[in-house]
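Observations on the three-dimensional arrangement
Each chain is listed here by its residues.
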Amino acid sequence: MRINCCSIRRNKALRRMCFSARGAVSSTQCVLTSDAGPDTLVVRTSFRRNYADPNEVAAVILGGGTGTQLFPLTSTRATPAVPIGGCYRLIDIPMSNCFNSGINKIFVMTQFNSASLNRHIHRTYLGGGINFTDGSVEVLAATQMPGEAAGWFQGTADAVRKFIWVLEDYYKHKAIEHILILSGDQLYRMDYMELVQKHVDDNADITLSCAPVGERYVITSGF
């Protein structure tokens, strides 16, 4: 690729392309050729991709709200604790996605009717059912914070906000670079590391994975 030197100085996009790569390590070679003018360079660039490491990812699974959509199945249990496929619970779906993605540092935020959910997590993931090496599954129960009005979590963002200090502490001591925030009551299969890799490649601050819904379902989808 032949680029005029003056153009490189004037064009920020060309400077980035020639001398750096967003989210990647790059090397640049500038070679003068026999047919080149005094102000012409031949630029060859090569890039090495930064790969996301599942050991640097922690997942936060939201334990669900009041569960009105699945009532009466949720009359005595949280939505993620609703049985599915025999001995499984809805929360086992994102848990399985995490494990199969290589992510083994997991937080579960609980609130409404959480006794059944807590019991399932303890028996399945903390009682010898899963063998962790450097990973863990930790339950974060709804709590009141000093200086704030008493009450439950006011939504997904509020739940994460009230426990941001836990995530920040984990970030400092466990070398965590990325936080996945997941729903605990949806049926899907996904390799979360593909999402994280896209996040790294784009050098993004926030990356969302979503599915389109019709206008009639917007209200019931939490928007």
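Residues numbered from 1 in each chain as written. Predicted model: local features only at pLDDT ≥ 70, side-chain atom pairs only at ≥ 80, totals over all residues. Heavy atoms only, no water.

Note the cut-off: UniProt positions are given in the numbering used here, feature names are shortened, and annotations may be inferred rather than shown by experiment.
As recorded in an unreviewed UniProt entry, the chain goes by glucose-1-phosphate adenylyltransferase and comes from Zea mays. For the record of the chain, the UniProt heading Pathway (unreviewed entry) holds the text "Glycan biosynthesis; starch biosynthesis."

What about the packing of aromatic side chains?
Keep this limit in mind: Working definition: rings of Phe, Tyr and Trp (its six-membered ring) pair if their centres are within 6.5 Å, and the pair is stacked with planes under 30 degrees apart, edge-to-face with planes over 60 apart, and tilted otherwise. Labels follow the DSSP assignment, with helices taken as runs of H or I lasting at least four residues and strands as runs of E lasting at least two, numbered in each case from the N terminus. Only protein chains enter the accessibility calculation, which uses a 1.4 Å probe; a residue whose area is less than 20% of its type maximum is buried, one above 50% is exposed, and one in between is partly exposed.
In total, this model carries 2 aromatic pairs according to the counting rule given. Ring centres 5.9 Å apart and planes at 45 degrees place the aromatic pair Phe99 and Tyr125 in the tilted group. In this pair, Phe99 sits in helix α3 (residues 92-100) while Tyr125 sits in helix α4 (residues 115-126), placing the two residues 26 residues apart along the sequence. The class for Phe99 is partly exposed, based on a relative accessible area of 27%. In this structure Tyr125 comes out as buried when scored by relative accessible area, which is 6%.

Focus: unusual backbone geometry
The phi dihedral of Asn203 is positive, around 50 degrees, even though this residue is not glycine. By relative accessible area, Asn203 is classed as partly exposed at 41%.

Here's the deal with the environment of Ile84
Keep this limit in mind: Every residue pair with non-hydrogen atoms within 4.5 Å of one another is taken to be in contact.
Residue placement: Ile84 occurs in strand β5 (residues 83-84). Its relative accessible area of 25% is what places Ile84 among the partly exposed residues. For Ile84, the residues in contact, after removing those within four places along its chain, are Arg89, Leu90 and Leu187.

Observations regarding the pattern of salt bridges
For the record, the criterion: We count a salt bridge whenever a side-chain nitrogen from Lys or Arg sits within 4 Å of a carboxyl oxygen from Asp or Glu.
Enumeration over the complete set of coordinates arrives at 1 salt bridge. Between Lys198 and Asp202 there is a salt bridge whose closest N-O contact spans 3.3 Å. What makes Asp202 partly exposed here is its relative accessible area of 34%.

Focus on the sheet that holds strand β8 (residues 136-141)
Short version of the rule: Only strands that DSSP links by at least two bridges are regarded as paired with each other. Every axis corresponds to a line fitted to the C-alpha atoms, with the helix fit spanning only the stretch in contact, and the corresponding angles, defined between N-to-C directions, vary from 0 to 180 degrees.
Taken together, the 4 strands give an open sheet; going across it, the order is β8-β7-β4-β9, and neighbouring strands pair in parallel fashion. Among the strands making up the open sheet, the edge pair consists of β8 and β9 (178-183). In this sheet, neighbouring strand axes are inclined to one another by 20 degrees on average, regardless of whether the strands run parallel or antiparallel. Two elements, strand β4 (residues 57-62) and strand β7 (residues 105-110), share 4 bridges in a ladder whose sense is parallel. Bridge pairing in β7 links Ala59 to Ile106.

Quick look at the nonpolar core
What counts here: In plain words, nonpolar cores are sets of buried Ala, Val, Leu, Ile, Met, Phe, Trp, Tyr and Cys residues tied together by side-chain atoms within 4.5 Å.
One finds Ile103, Ile106 and Leu180 to be the most contacted residues of the largest nonpolar core, which totals 23 residues. In terms of residue count, the dominant contributor to this core is helix α7 (residues 192-201) (5 residues). Once you skip the residues sitting within four places of it in the chain, Leu180 turns out to touch Val57, Ala58, Ala59, Val60, Ile103, Tyr192, Leu195 and Val196. Phe107, Ala159, Val166 and Ile176 belong to the second largest nonpolar core, which has 14 residues in total.

Considering α3
Burial in α3 covers these residues: Asp92, Pro94, Met95, Asn97 and Cys98. Among the residues trailing α3, Gly102 stands out with phi positive, at a value near 85 degrees.

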